[in-house]
Amino acid sequence: MKKVVLVVVLLIMLCGALYAFVCLQTSQDYIYADRADGRICDMPVGNTPLFVTVMPGLQFKLDTGSDMSLLSAKDMALLDSLGYSVREVFGISTGRNGLGKIMFETKRYRVDLPTYRYDTVTDSLGIVTSSQVPSSLNVLHNVDFVLAPDDMSVLGIDFLEKFKVEYRFMASMISLYLDVPDGYEQSIPMFYTRTPINALWLGKRYYLSANVMNRNYKFFIDSGIQRADFKLPFSERIYSKNKLYSDTVVSFSGRFPAFIDNASWVTIGNRSGRRRVYYYDNDEEIFALNPFNAINQDLVIDFSGLSIMLRPYYNVDPK
């Protein structure tokens with residue numbers, strides 16, 4: 001009997017040590033930029049879902065819902081062919097990927113990533129065009145990636161939370177900084193949770209509180225949401241006072257029937273207005289929002305400062 005108890009105790013201690021070891025794993029510990037002052041780089045934003053162009057021919061899904069950053073074999077080969085360092089290193093990576101699937105990997109690729117700045121011009125019709133500034137080449141060294149299971153490369157939360165992430169709405173541009181750029185004020189507080197299960201994952205889960213149709217909710221910040229500003233469960237549709245329209249939500253995890261409120265009254269931080277709310281159920285977070293859809297103006301997400309920052313005054317009319 002004593003031997004059985006001893007074995008059980010040892011197994012419990014071993015499991016506890018393994019759990020602690022996995023929980024202590026981090027990512028992007030050695031990342032640095034050749035030019036770290038001011039705006040490190042720009043990344044033009046593509047269509048839904050949110051893709052950014054790091055350099056011509058190299059696109060990433062920008063996904064705060066992905067615990068890890070992923071690099072496809074195709075993009076890895078491209079960087080290697082251009083002479084940028086791609087090194088295989090040991091590292092435990094656990095969590096959700098850009099498809100919402102759980103991954104467990106012991107191998108990472110530490111990559112040097114070329115980035116640029118872009119000039120943007122708005123014509124008389126409000127059409128914005130951007131052009132790369134070749135002389136602005138800036139290299140982000142030692143960016144950690146896990147090999148993507150498909151051809152989709154992803155910049156996940158482990159990468160994004162190392163920076164102040166600016167979205168310039170009219171220019172359709174994501175920019176990275178180490179310090180908050182001028183002209184913004186704290187507007188929307190954020191928080192994160194590390195439950196015993198989530199502590200196993202490589203990335204944090206960031207949330208904010210918002211009021212939809214006079215009801216308070218805690219929303220997961222998920223830039224991987226494709227069309228919806230706000231996502232609420234199907235059961236919450238009874239609180240909408242507007243006409244609802246039926247639709248189908250298409251995501252990387254499948255197709256889901258939904259109802260849409262196109263003009264729901266929403267308060268987020270110190271701002272209020274009408275936003276598009278989708279009511280549907282899937283296997284992802286019950287309450288979620290995509291800030292790049294929900295906030296139609298310039299913003300900065302300061303993950304370390306737990307704040308989404310907005311300009312005091314902003315006119316979205318390009319004319």
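Heads up: these notes are all about the structure in this document.

### Re the overall build of the chain
Stage number 1. Secondary structure assignment for the chain yields four helices and 22 strands.
Stage number 2. Against the compact-globule benchmark of 20 Å for 319 residues, the chain has a radius of gyration of 21 Å, which places it among compact chains.
Stage number 3. Its C-alpha atoms put the chain at 80 × 55 × 35 Å along the principal axes.
Stage number 4. Every one of the 319 residues in the chain was classed for burial, and the buried ones make up 50%.
Stage number 5. Taking contacts inside the chain between residues at least 6 apart in sequence as the whole, the part at least 24 apart equals 66%.
Stage number 6. For the chain, the accessible surface area stands at approximately 15,400 Å², while carbon and sulfur atoms represent 56% of it.
Stage number 7. Taken together, the 33 basic and 34 acidic charged side chains of the chain have centroids lying 7 Å from each other.

### Focus on the packing of aromatic side chains
To describe a pair of aromatic rings, one takes the distance between the centres and the angle between the planes.
Stage number 1. Evaluated as defined, the whole model comprises 14 aromatic pairs.
Stage number 2. Ring geometry for Tyr167 against Phe292: centres 5.3 Å apart, planes inclined by 90°, an arrangement best described as edge-to-face. Residue Tyr167 is located in strand E10 (residues 164–168), and its partner Phe292 is located in helix H4 (residues 291–294); the two are separated by 125 residues in the primary sequence. Each of the two residues, Tyr167 as well as Phe292, counts as buried.
Stage number 3. Centre to centre, the rings of Tyr217 and Phe219 are 5.9 Å apart; their planes meet at 65°, and the pair counts as edge-to-face.
Stage number 4. A relative accessible area of 9% means that Tyr217 is categorised as buried.
Stage number 5. Take Phe219: its relative accessible area is 0%, and that puts it in the buried class.
Stage number 6. An aromatic cluster is present here, built from Tyr217, Phe219, Phe230 and Phe287 joined pairwise through their rings.
Stage number 7. Lying across the ring of Tyr192, Lys204 places its NZ or CZ 5.2 Å from the centre.
Stage number 8. The ring of Tyr239 carries Arg215 above its face, with NZ or CZ at 3.6 Å from the centroid.

### Notes on helix H2 (residues 73–81)
Stage number 1. Taken together, the buried positions of H2 are occupied by Asp75, Met76 and Leu79. Considered in projection along H2, the buried side chains sweep an arc of 105° and stay on one side of the axis.

### Structural notes on unusual backbone geometry
The phi torsion of most residues other than glycine is negative, and most of the peptide bonds are trans.
Stage number 1. For Gln28, which is not glycine, the phi torsion reads 60° and is therefore positive.
Stage number 2. Counting through the fold element by element, Gln28 comes out in the loop between helix H1 (2–23) and strand E1 (32–33).
Stage number 3. The residue Ser172 is not glycine, and still its phi comes out positive at about 50°.
Stage number 4. Structurally, Ser172 can be placed in the loop between E10 and strand E11 (173–177).

The rules behind the values
- Residues numbered from 1 in each chain as written.
- Predicted model: local features only at pLDDT ≥ 70, side-chain atom pairs only at ≥ 80, totals over all residues.
- Heavy atoms only, no water.
- Helix = DSSP H or I, 4+ residues; strand = E, 2+ residues; numbered from the N terminus.
- Rg over C-alpha atoms; globule rule 2.2 N^0.38 Å.
- Buried < 20%, exposed > 50% of the residue type's maximum accessible area, 1.4 Å probe, protein only.
- Contact = heavy atoms within 4.5 Å.
- Areas by Shrake-Rupley, 256 points an atom, 1.4 Å probe, with all protein chains shown as cover.
- Lys, Arg positive; Asp, Glu negative; His and termini not counted.
- Charge placed at Lys NZ, Arg CZ, Asp CG, Glu CD.
- Phe/Tyr/Trp six-rings, centres within 6.5 Å; stacked < 30°, edge-to-face > 60°.
- Lys NZ or Arg CZ within 6 Å of the ring centre and 35° of its normal.
- Arc of directions from axis to C-beta.

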